[in-house]
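Commentary on secondary and tertiary structure
Residues per chain are reported as follows:
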Amino acid sequence: MADPASFGGGWISEEGLRPFCETIAEFSGYEFDDLDGQAVGNALPGTDVVKPDGWYDYPLSGRMPLTLLVADDPGSSVVFVRVTGNPGDRTRAQIEAALHIFSMYTVR
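Let us look at the structure shown here.

Definitions and limits used
Residues numbered from 1 in each chain as written. Predicted model: local features only at pLDDT ≥ 70, side-chain atom pairs only at ≥ 80, totals over all residues. Heavy atoms only, no water. Core = buried A, V, L, I, M, F, W, Y, C linked by side-chain atoms within 4.5 Å. Buried < 20%, exposed > 50% of the residue type's maximum accessible area, 1.4 Å probe, protein only. Helix = DSSP H or I, 4+ residues; strand = E, 2+ residues; numbered from the N terminus. Contact = heavy atoms within 4.5 Å. Axes fitted to C-alpha atoms, helices over the stretch in contact; angles between N-to-C directions. Parallel < 35°, antiparallel > 145°, perpendicular 65-115°, else oblique. Nonpolar A, V, L, I, M, F, W, Y, C, P; charged D, E, K, R; others polar.

Next up on the list: the nonpolar core. Counting residues in each nonpolar core, the largest one holds 23 residues, and the members touching the most others are Ile-12, Leu-17, Phe-20, Ile-24, Val-70 and Val-81. Contributing elements (two or more residues each) for this core: β1 (6-13), α1 (17-28), β2 (56-60), β3 (66-72), β4 (78-85) and α3 (89-104). The leading source of residues in this core is α1, at six residues. Those residues within four positions of Val-81 in sequence are excluded, and the remaining contacts are Gly-8, Gly-9, Gly-10, Ile-12, Leu-17, Phe-20, Trp-55, Leu-69, Val-70 and Leu-99.

Next up, the structure:
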């Protein structure tokens, strides 16, 4: 997690994980489909935000490669998320805005 290219850290509701992933994928130019959603969703129960190796990373290999990192917060209904990569300023701002929006609202 100490990656200097890591940004966009925070939490979102567990219900909003799939739409958040789809949104970040859109910014990277990656088409996030049902198989991607299943991979992230199935990995989530094995993660834990308080463990150093408790994060799951999922590559979004679009025109702007990014990696989405997710970790469960056991006992709550939130998921912690981070993004790594080297996006431009505009995309970085879009990701930060998406994280802000998804952390304030429940998306179903």
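From this point, things continue past the structure.
Before going further, it helps to examine the packing of α1 against α3. The interhelical angle for the contact between α1 and α3, taken along N-to-C directions, is 170°, at an axis separation of 10 Å. What the angle tells us is that α1 and α3 run roughly antiparallel. Across the interface between the two elements, Pro-19, Phe-20, Thr-23, Ile-24 and Phe-27 from α1 touch Thr-91, Gln-94, Ile-95, Ala-98, Leu-99 and Phe-102 from α3. Here the residues of the contact of α1 with α3 are counted per class, giving eight nonpolar, three polar and no charged.

These figures come from the coordinates and say nothing about function on their own.
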